[in-house]
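Letter by letter, the chains look like this.
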Amino acid sequence: HTHAHTHPPYPHHNHTRVVKIPPLYTLWGQRVGFHHRHSFPKAPKYPRSISLDLTLSFLLTHPCSLLARATVAHFSLFILFSSILLRACGFLSSNMSSSSTALPTYFIAHGGGPMPLLGDASHAALIEHWKKLSKKIEQPKAILVVSAHWEAGVPTITSAHTPSLLYDYYGFPPESYEIKYACPGEPALAQRVQGLLGAAGFAANLDGKRGLDHGVFVPLKLLFPDASIPVIQLSLLQSLDARKHVEMGRALAPLRHEGVLILGSGFNFHNMRAFFSPSGDGARWSKAFNAFLIEACTAHVGEERDAKLAAWAKAPYARECHPREEHLLPLLVVAAAAGQSPATTLFQASTLNVETLDFKFADPPACV
């Protein structure tokens with residue numbers, strides 16, 4: 001069974017005392033100035049404070065009281081500033097420290113447009129799977145989604161405080177264009193992702209205007225229906241270079257120890273003609289290609305798994321299943337982010353007349 005990992009609310013604060021501190025840096029690398037408000041716990045009183053009180057009392061009653069008081073005033077300011085600085089450093093280090101437990105990464109087949117949210121019969125098994133998964137999936141501080149429906153010249157991250165939704169599908173009922181998912185964004189996390197990708201050699205950009213596409217809000221509406229967890233989205237590369245997406249995934253790996261759930265949203269099969277072809281070729285092709293994906297993901301870890309997935313085009317019926325590979329690339333990103341964590345097949349059933357797969361990459365005993 002999956003053991004849910006509950007993290008403190010994002011971001012975490014201990015509301016006890018408000019002080020002002022010099023410029024420092026928060027969990028996601030955001031600069032903190034004098035004008036920012038931070039909370040710190042009251043310092044415990046130790047027995048040695050008694051001797052300090054006696055010393056101060058003696059100095060204040062000394063005949064050279066004027067000089068003594070000036071000396072005490074400067075000494076007190078020094079003690080106060082040192083105390084604030086030490087508490088600040090302690091607070092920041094406690095928040096920046098990596099968790100000993102890494103969150104899993106997931107790859108999910110997000111179905112056809114908004115059809116899972118419309119109760120489409122061909123998505124019945126997938127919908128039921130997501131509803132069951134929602135009851136046991138880890139509750140993270142934030143969610144990073146790599147969706148098949150956004151490509152850019154360089155990796156680009158949504159950075160809006162309150163992201164809108166992109167109804168990037170056509171020909172569906174009017175209610176499908178009124179779907180709501182009012183989750184918050186997290187600009188500080190977007191900057192953190194930009195920094196990680198930058199350190200890996202990617203000139204990543206932030207986009208404060210773009211909304212979340214259906215590859216994000218459709219599955220999240222069923223997996224995290226209360227929409228209370230901050231969500232940001234990362235684009236694919238227009239080049240569709242498999243190895244570059246593996247490198248992107250590896251760069252994101254530290255986020256797993258920072259309470260961020262990394263979710264790849266795509267499809268293990270994406271041939272629009274074959275979905276609805278009466279020939280049944282799609283079902284046959286998907287089973288053969290899925291055998292390759294299952295073996296590559298579940299029988300290998302780390303660089304060996306990355307290499308196998310990067311060479312996906314050599315698999316049986318690879319191009320029949322993916323004439324264009326944008327729906328497969330999110331799998332490469334989350335698998336690489338998982339590093340040495342083994343994978344399990346979460347879901348294997350028919351959706352849109354083809355065999356559909358979901359994967360979870362997690363350290364034991366979190367695998368299900």
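Chains are numbered independently. Their residues run from 1 in the order of the written sequence. Local features in this predicted model are restricted to residues of pLDDT 70 or higher, and side-chain atom pairs are both shown and tallied only at a pLDDT of 80 or more, whereas totals for entire chains, interfaces and linings draw on every residue. Only heavy atoms go into the side-chain values, all of them from the structure, while hydrogens and water stay out.

How would you sum up the packing of aromatic side chains? Please name residues and give values.
Note on aromatic contacts: the rings of Phe and Tyr and the six-membered ring of Trp form a pair at centre separations within 6.5 Å, being stacked when their planes are under 30 degrees apart, edge-to-face when over 60 apart, and tilted otherwise. A complete count under the given rule lists eleven aromatic pairs for this structure. Residues Phe359 and Phe361 carry aromatic rings whose centres are separated by 6.3 Å and whose planes lie at 45° to one another, so their mutual orientation is tilted. Taken as a pair, Phe359 and Phe361 share a single burial class, namely buried. Joined through ring pairs, the aromatic side chains of Tyr167, Tyr169, Phe172, Tyr177 and Phe217 make up one cluster. When accessible area is computed with a 1.4 Å probe and restricted to protein chains, residues below 20% of their type maximum are described as buried, those above 50% as exposed, and intermediate ones as partly exposed.

I'd like to hear about the packing of helix α8 (residues 281-298) against helix α9 (residues 302-310), residue by residue, with values.
Interaxial angles span 0 to 180 degrees and are taken between N-to-C directions of axes, which are lines fitted to C-alpha atoms, for helices over the stretch in contact. What counts as a helix is a DSSP run of H or I of at least four residues, what counts as a strand is a run of E of at least two, and both are numbered from the N terminus. Remark: α8 packs on α9, axes separated minimally by 8 Å, with the N-to-C direction vectors making an angle of 160°. What the angle tells us is that α8 and α9 run roughly antiparallel. Every pair of crossing elements has a handedness; the one defined by α8 and α9 is left-handed. Judged by residue contacts, Phe292, Leu293, Glu295, Ala296 and Cys297 of α8 engage Arg305, Lys308 and Leu309 from α9. When the residues that make up the contact of α8 with α9 are grouped by side-chain class, the tally is five nonpolar, no polar and three charged. To sort the angles, those under 35 degrees are grouped as roughly parallel, those over 145 as roughly antiparallel, those from 65 to 115 as roughly perpendicular, and the leftovers as oblique. By the definition used in this description, the sense in which the near helix is turned from the far one sets the handedness, with an anticlockwise turn below a right angle giving left-handed and a clockwise turn giving right-handed. Working rule for contacts: check all heavy atoms of both residues, and any pair within 4.5 Å makes them a contact. Ten residues, namely Ala, Val, Leu, Ile, Met, Phe, Trp, Tyr, Cys and Pro, are considered nonpolar, four, namely Asp, Glu, Lys and Arg, are considered charged, and the remaining ones, Gly among them, are considered polar.

I'd like a description of the side chain of Ser286, backed by residues and values.
Counting through the fold element by element, Ser286 comes out in helix α8. By the criterion applied in these results, polar contacts are pairs of N or O atoms within 3.5 Å in which, for protein atoms, one can donate a hydrogen and the other can accept it, and in which residues neighboring in sequence qualify only through two side-chain atoms. A polar contact is formed between the side chain of Ser286 and the backbone nitrogen of Glu355, at a distance of 3.1 Å. Excluding residues within four positions of it along the chain, Ser286 makes contact with Phe269, Cys321, Val354 and Glu355.

Give a description of unusual backbone geometry that names residues and reports values.
Positive phi, normally seen in glycine, also occurs at Leu240, with a value near 60°. For Asn353, which is not glycine, the phi dihedral falls at a positive 70°. Positionally, Asn353 belongs in the loop between β11 (343-351) and β12 (354-361). We classify Asn353 as exposed; its relative accessible area is 51%.

Any functional reading would require information that these geometric values do not contain.
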